[in-house]
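# Coordinates in review
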Amino acid sequence: MARRFLPIFIFFFFFISSFSTTPVTGENGGFARSLDRKLLGLKKEKLSHFRFYWHDIVSGRNPSAVLVVPPASNTSTGFGLVTMIDDPLTLGPKMSSKLVGKAQGFYASASQQELGLLMVMNFAFLEGKYNGSTITILGRNTVFSAVREMPVIGGSGLFRFARGYVQASTHSADFKTGDAVVEYNVYVLHY
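Residues numbered from 1 in each chain as written. Predicted model: local features only at pLDDT ≥ 70, side-chain atom pairs only at ≥ 80, totals over all residues. Heavy atoms only, no water.

Right, let's talk about the overall build of the protein for a bit. Looking only at helices and strands, the protein features 1 helix and 11 strands. Scanning the protein from its N terminus toward the C terminus, one meets helices and strands in the order α-β-β-β-β-β-β-β-β-β-β-β. With 191 residues in all, the protein has 34% of them scored as buried. Taking contacts inside the protein between residues at least 6 apart in sequence as the whole, the part at least 24 apart equals 46%. With the model as given, the accessible surface of the protein reaches about 12100 Å², and the carbon-plus-sulfur share is 60%. (Helix = DSSP H or I, 4+ residues; strand = E, 2+ residues; numbered from the N terminus. Buried < 20%, exposed > 50% of the residue type's maximum accessible area, 1.4 Å probe, protein only. Contact = heavy atoms within 4.5 Å. Areas by Shrake-Rupley, 256 points an atom, 1.4 Å probe, with all protein chains shown as cover.)

Ranked by internal contacts, the top residues of the largest apolar core, which has 28 residues, are Phe52, Trp54, Met121, Phe123, Ile135, Tyr184 and Val186. It is strand β7 (residues 116–125) that provides the largest number of residues to this core, a total of 5 residues. Beyond its immediate sequence surroundings of up to four residues, Tyr184 is in contact with Phe50, Arg51, Phe52, Trp54, Met119, Met121, Phe123, Asn141, Met150, Val166, Gln167 and Ala168. (Core = buried A, V, L, I, M, F, W, Y, C linked by side-chain atoms within 4.5 Å.)

What follows is about the confidence of the model for the protein. Predicted confidence across the protein gives a mean pLDDT of 89, with 85% of residues reaching 70 or more. Every residue in residues 20–26 scores below 50 in pLDDT, and together they form 15 contacts with partners more than four places removed in sequence or on other chains. (pLDDT = per-residue confidence, 0-100.)

Now for the side chain of Arg148. Position of Arg148 relative to the elements: it lies in strand β9 (residues 148–156). Buried charge without a salt bridge: Arg148, with Asp56 as the nearest opposite-charge side chain at an N-O distance of 9.9 Å. A polar side-chain atom of Arg148 sits 3.2 Å from a polar atom in the side chain of Thr170. (Lys, Arg positive; Asp, Glu negative; His and termini not counted. Salt bridge = Lys/Arg side-chain N within 4 Å of Asp/Glu carboxyl O. Polar contact = N/O pair within 3.5 Å; in protein donor to acceptor, adjacent residues only side chain to side chain.)

Direction of pairing for strand β5 (residues 82–90) relative to strand β6 (residues 99–109): antiparallel, over a ladder of 9 bridges. Its bridge partner being in β6, Met84 is matched across the sheet by Phe106. Where β6 meets β7, 9 bridges bridge the pair, whose relative direction is antiparallel. Residue pairing across strands places Phe106 opposite Val120, the latter belonging to β7. (Pairing = 2+ DSSP bridges.)

On to the environment of Ser76, then. For Ser76, the position within the fold is in the loop between β4 (65–69) and β5. Ser76 sits in the exposed class, given a relative accessible area of 76%. Separated by 36 residues in sequence, Ser76 and Gln112 place their C-alpha atoms 7.8 Å apart.

Further remarks concern the pattern of salt bridges. Scanning all chains against the criterion turns up 5 salt bridges. With a closest N to O distance of 2.4 Å, Arg163 and Glu45 form a salt bridge. One end of the pair, Arg163, is in strand β10 (residues 163–173); the other, Glu45, is in the loop between β2 (32–35) and β3 (46–56), and 118 residues separate them in sequence. A salt bridge links Glu127 to Lys98, with the shortest nitrogen-to-oxygen separation between them at 3.2 Å. Within this pair, whereas Glu127 is found in the loop between β7 and β8 (134–142), its partner Lys98 is found in the loop between β5 and β6, the two being separated by 29 residues in sequence. Residue classification places Glu127 among the partly exposed positions, given a relative accessible area of 33%. The exposure class assigned to Lys98 is partly exposed, which follows from its relative accessible area of 45%.

Within this structure, the stated rule accounts for 13 aromatic pairs. Ring centres 5.3 Å apart and planes at 15 degrees place the aromatic pair Tyr130 and Phe159 in the stacked group. Placement of the pair is Tyr130 in the loop between β7 and β8 and Phe159 in the loop between β9 and β10, with a sequence separation of 29 residues. Taken together, the ring pairs connect Phe50, Phe52, Trp54, Tyr107, Phe123, Phe125, Tyr130, Phe159 and Tyr184 into an aromatic cluster. (Phe/Tyr/Trp six-rings, centres within 6.5 Å; stacked < 30°, edge-to-face > 60°.)

Given below as structure tokens:
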């Protein structure tokens, strides 16, 4: 009896599944398909704004930024330098302000003419409903510009499929120690 219903079950299974996905055909052999965003639990897209302060601490006994590749010896811009970061993100500009996350990644001096950094970092949030979610930044940071803009290229958790941009502006910099506090305004589209 069960064998009689097996072909009917298989037909309905493939018939129903064809409504949720549409295979993409062509030379790629159909390895890609379109999905209904609701199947991934994605709701309406929204625009969010976050503002926090990024503390890049290179001095002291417990720095949050560590040089991993020194700059070339013949450069005035630090070209070639790579620094790994685990920088605190706080609500206010003082280090004693509430910690809301960490900026984890690295920056590298990528310009021979000016102080221009390649920034590669995740804003890993530790607070509230965003705890465990990340926003990923990848872009150029010309440090001495008043406002620098870098793209948001993705994220995880509540920021899956994120896109947008950040604006960074230096709040304070100590040229003796190399420590800096930067205000970040993040504008992100996410579900």
